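In case you want the letters, here they are:
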Amino acid sequence: MAFGWIDEQDRARREAGLVRVLRPRPADSPLLDLASNDYLGLARHPEVTEGAARAARTWGGGSTGSRLVTGTTELHTELERELAGFCGFEAALVFSSGYAANLAAVTALAPHGSLVVSDAGNHASLIDGCRLARGTTQVVAHAEPDAVRKALATHDGPAVAVSDTVFSVDGDAAPLAALAEACREHGAGLVVDDAHGLGVLGEGGRGAPYAAGLAGRDDVVATVTLSKSLGAQGGAVLGPARVIGHLVNAARTFIFDTGLAPAAAGAALAALTLLRREPERAARARAVAAELHARLTASGLAAVRPDAAVVSVRAPSAETAVRWAADCRTAGLSVGCFRPPSVPDGVSRLRLTARADLSGEQIAHAVRVIGETRP
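It should be emphasised that the depicted structure is a prediction, and the values quoted were computed from it without experimental measurement. Counting of residues starts from 1 at the beginning of each chain's written sequence and follows it residue by residue. Reporting in this predicted model follows two pLDDT cut-offs: at least 70 for local features of residues, and 80 or more for side-chain atom pairs to be given and counted; totals over whole chains, interfaces and linings ignore these cut-offs and use all residues. Only hydrogens and water are removed before side-chain values are computed, so all heavy atoms of the structure are retained for them.

## Quick word on the overall build of the chain
Check the secondary structure of the chain and you find 14 helices and 11 strands. Dimensions along the principal axes, computed over C-alpha positions, put the chain at roughly 55 × 55 × 50 Å. Only protein chains enter the area calculation, which uses a 1.4 Å probe; residues under 20% of their type maximum are buried, those over 50% are exposed, and those in between are partly exposed. Each of the 375 residues in the chain was classed as buried or not, and the buried ones make up 51%. Contact criterion: two residues are considered in contact whenever any of their non-hydrogen atoms come within 4.5 Å of each other. Residue pairs in contact within the chain that sit at least 24 positions apart in sequence constitute 71% of those at least 6 positions apart. Total accessible area computed for the chain in this model is approximately 16300 Å², and 53% of it derives from carbon and sulfur atoms. For the chain, the separation between the mean place of its 37 positive charges and that of its 40 negative charges on side chains is 3 Å. Helix numbers and strand numbers start at the N terminus; a helix is a DSSP run of H or I with at least 4 residues, a strand a run of E with at least 2. Surface accessibility in these figures is a Shrake-Rupley result with a 1.4 Å probe; residues are shielded only by whichever protein chains are displayed. Within this scheme the basic residues Lys and Arg register as positive and the acidic residues Asp and Glu register as negative, but His and the chain ends are omitted. Just so you know, the charge point we use is NZ for Lys, CZ for Arg, CG for Asp and CD for Glu.

What follows is the structure, encoded as structure tokens:
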């Protein structure tokens, strides 16, 4: 029977407690949201939604084609200019998603004969980029610059190290300065995914590379997503102009994909404008994360200290994590539930996201619900 193997895989997932389901949410959910990546609380901000609506009215519902045909509007180029300037890079290139941006950066910068050194905790989009790249990939220990240095020392040709800046599972930050030094010693490039750093880390939310003094260096490339702190959708690659020019000509997820919808570009531009005006939102997101962690650990829960806005709470098993998250929803709290294969260490977790717009009362309520529903 066609696709008969799917049934066996489904049985195995159910036995392991790893079945995933879609839960459509209403426009006005009654749940307190600690599951989304809306770190700055901008997804529903009136200025951001108006930016999206205005762009759609002006440019239409879609971009109408790939970026190299009809999919590049004046709005796209303005967004690229603003992103590069805000984050401290020479140039930027906007993609339809952060996933597509990561695939582009890794595959286009790791040609045949090159070495890609990838952190063991990297996001799936970076991992998939490594799998698609024509270079050879070597996975190294998590957040270990010496491991990167040793891997680079084994290779004589072009090389690039690839890492998240803030890892999405536990919210820990990569040692960017040390990674950059290891790469520079061997003439290698550094590609970092700042999806969870933009809007949270660095001066006014300018990102982890900016905070580490790496923004604008000729050997550093950063990717970002517009769907987290900026409350929109899409992604971008930031780096030297010659690297961005290369991506325009070599990145398949740029050349062959439809351009980002104008509404998303307009929303992201509005969010950037707002963040420039209200830079304190970044510090507030970090403060909320720190308070969540302090309250959770004080109540006896095994929470990981956050370096940005992600706080994870360890669960005994995949099954208990699913039940714990469901009990939180019943009590009015939405939290993330990360299980294998989404977690590289095999340890299931509740994943909480700190938002700059959370009040002290909401933080206390969230911690109370998590504590009362613990397995």
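Here the narrative resumes, following the displayed structure.
## Focus: the UniProt feature "domain: Aminotransferase class I/classII large" (unreviewed entry) in the chain
UniProt positions are given in the numbering used here, feature names are shortened, and annotations may be inferred rather than shown by experiment. Here, the residues flagged by UniProt with the feature "domain: Aminotransferase class I/classII large" (unreviewed entry) are residues 31–370. In the segment residues 31–370, helix accounts for 42% and strand for 16%; the C-alpha atoms at its two ends are 14 Å apart.

## A few points about the packing of aromatic side chains
Any two aromatic rings considered together are summarised by their centre-to-centre distance and by the angle between their planes. In summary, the pairing rule links any two rings of Phe, Tyr or Trp, Trp by its six-membered ring, whose centres are within 6.5 Å, and it sorts them by plane angle into stacked for under 30 degrees, edge-to-face for over 60 and tilted for everything else. In the structure shown here, the tally under the stated rule is 1 aromatic pair. Ring geometry for Phe95 against Phe254: centres 5.6 Å apart, planes inclined by 65 degrees, an arrangement best described as edge-to-face. Placement of the pair is Phe95 in strand E2 (residues 91–95) and Phe254 in helix H10 (residues 252–255), with a sequence separation of 159 residues. There is no split in this pair, since Phe95 and Phe254 are both buried. Whether a charge sits over a ring depends on NZ of Lys or CZ of Arg being within 6 Å of the ring centre and within 35 degrees of the ring normal. One Lys or Arg, Arg206, reaches over the ring of Tyr210 and ends 5.9 Å from the middle of that ring.

## Focus: the sheet that holds strand E11 (residues 349–353)
Two strands make a pair as long as DSSP finds a minimum of two bridges between them. With respect to topology, 4 strands assemble into an open sheet ordered E1-E10-E11-E9, the strand pairing being mixed. In the strand order of this sheet, the two ends are held by strand E1 (32–34) and strand E9 (310–314), each with one partner. Here the strands of the sheet are splayed against their neighbours by 35 degrees on average, with no regard to which way each runs. Pairing analysis gives 3 bridges linking strand E10 (residues 333–338) to E11, with the strands arranged antiparallel. In the strand pairing of E11, Cys337 is matched with Leu350. For every element, the axis is a line fit to its C-alpha atoms; helices are fit only across the contacting stretch, and the angle between N-to-C directions ranges from 0 to 180 degrees. On the sheet, helix H12 (residues 280–298) packs against E1, E9 and E11 and is oriented at approximately 20 degrees with respect to E9.

## Focus on helix H14 (residues 360–372)
Take the residue count of a helix, subtract one, and multiply by 1.5 Å to get its expected span. In this model H14 runs 18 Å from its N-terminal to its C-terminal C-alpha over 13 residues, within 8% of the 18 Å that 1.5 Å per residue would give. Within H14, burial applies to Ile363, Ala366, Val367, Val369, Ile370 and Gly371.

## Description of the pairing of strand E8 (residues 235–239)
Burial runs high along E8: 5 of the 5 residues are buried. Of the two faces of E8, the one holding Gly235, Val237 and Gly239 and the one holding Ala236 and Leu238 are both buried throughout. Bridge count for E2 against E8 is 5 bridges, and the pairing is antiparallel. Looking across to E8, one finds that Leu93 is bridged to Val237. Direction of pairing for strand E7 (residues 220–225) relative to E8: antiparallel, over a ladder of 4 bridges. For Thr223, the partnering residue across the bridge sits in E8 and is Val237.

## Remarks on the side chain of Arg206
Within the secondary structure layout, Arg206 lies in the loop between strand E6 (189–193) and helix H8 (208–211). Despite being buried, Arg206 has no salt bridge partner; Glu203 is the closest side chain of opposite charge, sitting 4.5 Å away. From its side chain, Arg206 meets the backbone oxygen of Phe86 in a polar contact 3.2 Å long. If near-sequence neighbours (up to four positions away) are discounted, Arg206 is found in contact with Phe86, Cys87, Leu198, Leu201 and Arg276. Throughout this description, the term salt bridge denotes a Lys or Arg side-chain nitrogen within 4 Å of a carboxyl oxygen of Asp or Glu. N or O atoms closer than or at 3.5 Å make up a polar contact, with two conditions inside protein: a donor-capable atom paired with an acceptor-capable one, and, for residues adjacent in sequence, both atoms drawn from side chains.

## Observations concerning the environment of Ala326
Considering the arrangement of structural elements, one finds Ala326 in helix H13 (residues 318–330). According to the relative accessible area criterion, Ala326 is partly exposed, its value standing at 25%. Sequence-wise, Ala326 and Cys337 are 11 residues apart; in three dimensions their C-alpha atoms are separated by 9.3 Å.

## Observations concerning a nonpolar patch on the surface
A cluster of nonpolar side chains, contributed by Phe3, Trp5 and Ile6, occupies part of the molecular surface with about 360 Å² of accessible area. Here Phe3 shows up in the segment before helix H1 (5–16). Taking relative accessible area as the criterion, Phe3 reaches 59% and is therefore assigned exposed. Like-charged residues are merged into a patch within 9 Å and nonpolar side chains (Val, Leu, Ile, Met, Phe, Trp, Tyr) within 5 Å, provided each residue has over 30% relative accessible area and no salt bridge.

## Comments concerning the state of the cysteines
When two cysteine sulfur atoms lie within 2.5 Å, the pair is treated as a disulfide. By the definition in use, this model includes 0 disulfides. Take Cys87: it sits in no disulfide, and the sulfur closest to it among the cysteines is that of Cys183, at 20 Å. Accessibility expressed as a relative area gives 2% for Cys87, which makes it buried. Looking at Cys183, it has no disulfide partner, and the nearest cysteine sulfur is the one in Cys130, 13 Å off. Classification of Cys183 as buried rests on a relative accessible area of 1%.

## Points about the packing of helix H4 (residues 98–108) against helix H9 (residues 241–250)
At their nearest, the axes of H4 and H9 sit 10 Å apart, and the two run at 100 degrees to each other. Considering their axes alone, H4 and H9 lie roughly perpendicular with respect to each other. Contact with H4, carried on its side by Ala104, Ala105 and Ala108, involves His246, Leu247 and Ala250 of H9 and no other residues of that element. Taken together, the residues of the contact of H4 with H9 break down into 5 nonpolar, 1 polar and no charged. Working definition: roughly parallel below 35 degrees, roughly antiparallel above 145 degrees, roughly perpendicular at 65 to 115 degrees, and oblique for all remaining angles. Here the nonpolar group is Ala, Val, Leu, Ile, Met, Phe, Trp, Tyr, Cys and Pro; Asp, Glu, Lys and Arg are the charged ones; every other residue, Gly included, is treated as polar.

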